[in-house]
Amino acid sequence: MAVLHAWRAARVTPLGELHTPPRMTAVLVRLAVQVVLVASLWHGLYSHTSTTAGLDEGQAVTYAVLAVLASRLRELDQYAGRDTVLQHMHFGTIVYWYLRPLPPQRYYALRALGEQLYGLAWALGGFAVCLAAGVVEPPRSAAVAGVFAVSLLLGQWVLYYVMLVLDQMCFFTIRNNSAMLILIFVQNLLSGVYAPLWYFPDWFITLSGFLPFQATLSVPLSIYVGRIQLADAGVQLAVQAAWVVVLALFTRWVWRQAARRVISQGG
Amino acid sequence: MSGSIEVRGLSRTFHTTVRRPGFTGTLRSLVDPERVAKHAVQDITFDVAPGELLALLGPNGAGKSTTIKMLTGILTPTSGECRVAGVVPYQERERNARNIGAVFGQRTQLWWDLPVRESFAILRDIYEVPKAEHAARLEEFDDLLDLSSFWDTRVRHLSLGQRVRSDLAAALLHDPPVVFLDEPTIGMDVVVKEQVREFLRYQVEQRSRTVLLTTHDMTEVERLAERVVLINHGRLVLDGSLDDIRRKFGSTWQVRATLADAHTDVVPLPGIAVLRRDGPRVVFGPDGPDAPTVHQALKTVIERYEVTGVAIDEADLEDVMRAAYVHAEAV
Ligand SMILES: Nc1ncnc2c1ncn2[C@@H]1O[C@H](COP(=O)(O)OP(=O)(O)O)[C@@H](O)[C@H]1O
Ligand SMILES: [Mg+2]
């Protein structure tokens, strides 16, 4: 790969975090509080019933806690690092992305890869602690764990593209921060970060079936807790893979439009 | 590799929609947007020789940044063409990127949350500079820019002067033959400015880099540039040496001489007029468009008359440029 030499760009986010210990402490505290709150919320909801929407208490708590941990994968303080596309467009520093022998899309991908690996380290650490503390159930079998891992990988890949599309919008509709916040909320909602999708009304589930969001998190977590059986997992993995292909083609096309836009306006 | 810059008939027009004032105006703009053409750069032609430093001057909005953006490949021209080190920048952006370094004064390319040295390391990898070469060049830059006193600091904590010095180093770490600097020293104090000037002089004289610089600081121009290109409203007004510009627009000098003999006959010399005479004290000034520079006039006066004292008043470059801008406005 022609970009390997530029691997250091992958270190931007982790290094930025390591150089800002208070930020890491804040993450740790927030993660701990979120896990405790979410776990007790779902325990409370199940205190009068044993199954809701086809899930028992252990499954529901496991799903919710894993969702909190997984949300760490891509929720980093890029904004504080002034390294979002939105900010680069705003400050005009986007020109430097087009002044280097590394194409912007490769730089972006490397940077996101480093960020996701760093987030994964956090998520895995949190997972190990929660598992040891008995907050989450272990996967039911090695097969479930394996399929979950594949599905999570595909899901992160889809998530990468979803985030990329949000960033790419900034090339065209600059300076619309609130639209970004709404979209990030929608992305979290529809991917099942706030609550498993099965608790939502049918029309909502149908609607989100046509969108890529549930492929990011809902599918792998459902496989983990057994809501999606291994027998049906193949179809879900195929859907995830299909989203990866569709979004890869789409974002590649948008990158070209973005480049055209930058070089017609001069940044 | 030859680091020449060739610009031929380069033009760039921007099309923007203007917003009409008021509520109905806004509605009308939505339905029927009014498009205006802004000719930011019009038919500009000039060359920069390898190893030459050229100052591109002009008032705000003259089209300097637009010109630099086309030369760096981040903007396509509407017409005309240019070559930088033999490459057409906007056609081969990546190849051009290896040949050039660029600093846009108010914009940093460094990573805000990382120590400066990490930014350098990332750029080293992106440009595939061998480690030893990178280290040697960094050391060289450190000698001139005193980077080591702050390169372990995160960029967000740097002062403006430190940040710009880091940006300059970052732009030159891959040893580009051609360097574009768009108002690099804007807002910096004199000490840092002097340091940057020394650095640039070294890069041009010792490293033979070609530098295209825009600035509003005339001291900088005077210290660094032999040649300047002046543009206004997107058009090239003048391409010549500082002396050319002085001759053309700076004819506001005075030579005040005290003659040894108060009764000497004083007559006008070619291009030199007698402005005032008071006994032995005579004030000479420029006469007509072919007036000599103040230094030539001084020489002429001293050769021609026996003087006991002499002083010169010269318009500084700041005044000269003001005159040039005003002149450009009038044509
Ligand atoms: N992307 C753009 N869209 C519309 N007008 C622009 C754009 N970029 C520059 N201009 C206009 O072109 C003219 C030249 O701008 P610029 O090259 O930045 O001037 P300078 O750098 O000499 O101050 C200005 O009038 C500016 O408003
Ligand atoms: Mg400018």
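This structure is a prediction, so every number in the text was calculated from the model and none was measured.

## Examining the sheet that holds strand β2 (residues 34–48) of chain B
All names here are of chain B.
Here is step 1: An order of β2-β1-β4 is seen for the three strands of this open sheet, with the pairing classed as antiparallel. Looking at the sheet topology across the chains shown, the edges are occupied by β2 and β4 (79–84). Across this sheet, the average inter-strand angle for adjacent strands is 30 degrees, counted without regard to direction.
Here is step 2: Taken together, the 11 bridges between strand β1 (residues 5–18) and β2 define a ladder with antiparallel strand orientation. Within β2, the residue paired with H15 across the bridge is A37.
Here is step 3: Contacting β1, β2 and β4, helix α2 (residues 64–72) runs over the sheet at an angle of about 115 degrees to β1.

## A look at the interface of chain A and chain B
Here is step 1: The interface is formed by 33 residues belonging to chain A together with 36 residues belonging to chain B.
Here is step 2: Both sides of the chain A and chain B interface together cover about 3,100 Å² of buried area, and 57% of this is carbon and sulfur.
Here is step 3: At the boundary of chain A with chain B, the tally comes to three salt bridges.
Here is step 4: R8 of chain A is paired through a salt bridge with D125 of chain B; the nearest N and O atoms lie 2.7 Å apart.

## A short note on the confidence of the model for chain A
Here is step 1: Residues of chain A with pLDDT of at least 70 account for 93%, and the chain-wide mean is 85.
Here is step 2: The secondary-structure element of chain A with the lowest mean pLDDT is strand β1 (residues 51–52) of chain A, recorded at 69, while helix α5 (residues 94–97) of chain A shows the highest, at 94.

## Some points on the nonpolar core
Here is step 1: Membership of the largest hydrophobic core comes to 124 residues, with the highest contact counts inside it found for Y98 of chain A together with F180 of chain B.
Here is step 2: Tallying contributions element by element places helix α12 (residues 230–265) of chain A first for this core, with seven residues.
Here is step 3: Apart from residues lying up to four places away in sequence, F180 of chain B is in contact with I5, I68, L71, T72, V84, I100, G101, A102, V103 and L212 of chain B.

## Concerning helix α5 (residues 131–145) of chain B
All names here are of chain B.
Here is step 1: Along its 15 residues, α5 runs 20 Å from first to last C-alpha, staying within 8% of the 21 Å computed at 1.5 Å per residue.
Here is step 2: On its buried face, α5 is in contact with α4 (116–126), α6 (160–172) and α7 (190–205).
Here is step 3: The first or second residue beyond α5 is D146, which carries a positive phi of 55 degrees.

## Some thoughts on the packing of α5 of chain B against α7 of chain B
Residues and elements named next belong to chain B.
Here is step 1: In contact at an axis separation of 9 Å, α5 and α7 are set at 140 degrees when each is read in the N-to-C sense. Accordingly, the angle class assigned to the pair α5 and α7 is oblique. In this structure, α5 contributes E140, F141, L144 and L145 to the contact, and α7 contributes Q195, F199, Y202 and Q203.
Here is step 2: Here the contact of α5 with α7 is built from residues that sort into five nonpolar, two polar and one charged.

## Some remarks on the pairing of strand β7 (residues 210–214) of chain B
Residue and element names in this part refer to chain B.
Here is step 1: Burial within β7 is extensive, with five of its five residues counted as buried.
Here is step 2: Of the two faces of β7, the one lined by T210, L212 and T214 and the one lined by V211 and L213 are each fully buried.
Here is step 3: Two strands pair when backbone bridges link them, and strand β3 (residues 53–57) and β7 are joined in this way by four bridges, in the parallel orientation. Residue pairing in the sheet places L54 in a bridge with L212 of β7.
Here is step 4: Here strand β6 (residues 178–182) pairs with β7 via five bridges, running parallel. Within the sheet, the bridge partner assigned to D182 lies in β7 and is T214.
Here is step 5: Considered for its hand, the β-α-β crossover made up of β6, α7 and β7 is right-handed.

Rules and cut-offs
Residues numbered from 1 in each chain as written. Chains lettered and ligands numbered in written order. Predicted model: local features only at pLDDT ≥ 70, side-chain atom pairs only at ≥ 80, totals over all residues. Heavy atoms only, no water. Pairing = 2+ DSSP bridges. Helix = DSSP H or I, 4+ residues; strand = E, 2+ residues; numbered from the N terminus. Axes fitted to C-alpha atoms, helices over the stretch in contact; angles between N-to-C directions. Contact = heavy atoms within 4.5 Å. Buried area = accessible area lost by both parts, 1.4 Å probe. Salt bridge = Lys/Arg side-chain N within 4 Å of Asp/Glu carboxyl O. pLDDT = per-residue confidence, 0-100. Core = buried A, V, L, I, M, F, W, Y, C linked by side-chain atoms within 4.5 Å. Buried < 20%, exposed > 50% of the residue type's maximum accessible area, 1.4 Å probe, protein only. Expected span 1.5 Å × (residues − 1). Parallel < 35°, antiparallel > 145°, perpendicular 65-115°, else oblique. Nonpolar A, V, L, I, M, F, W, Y, C, P; charged D, E, K, R; others polar. Right-handed = clockwise from strand over helix to strand, strands pointing away.

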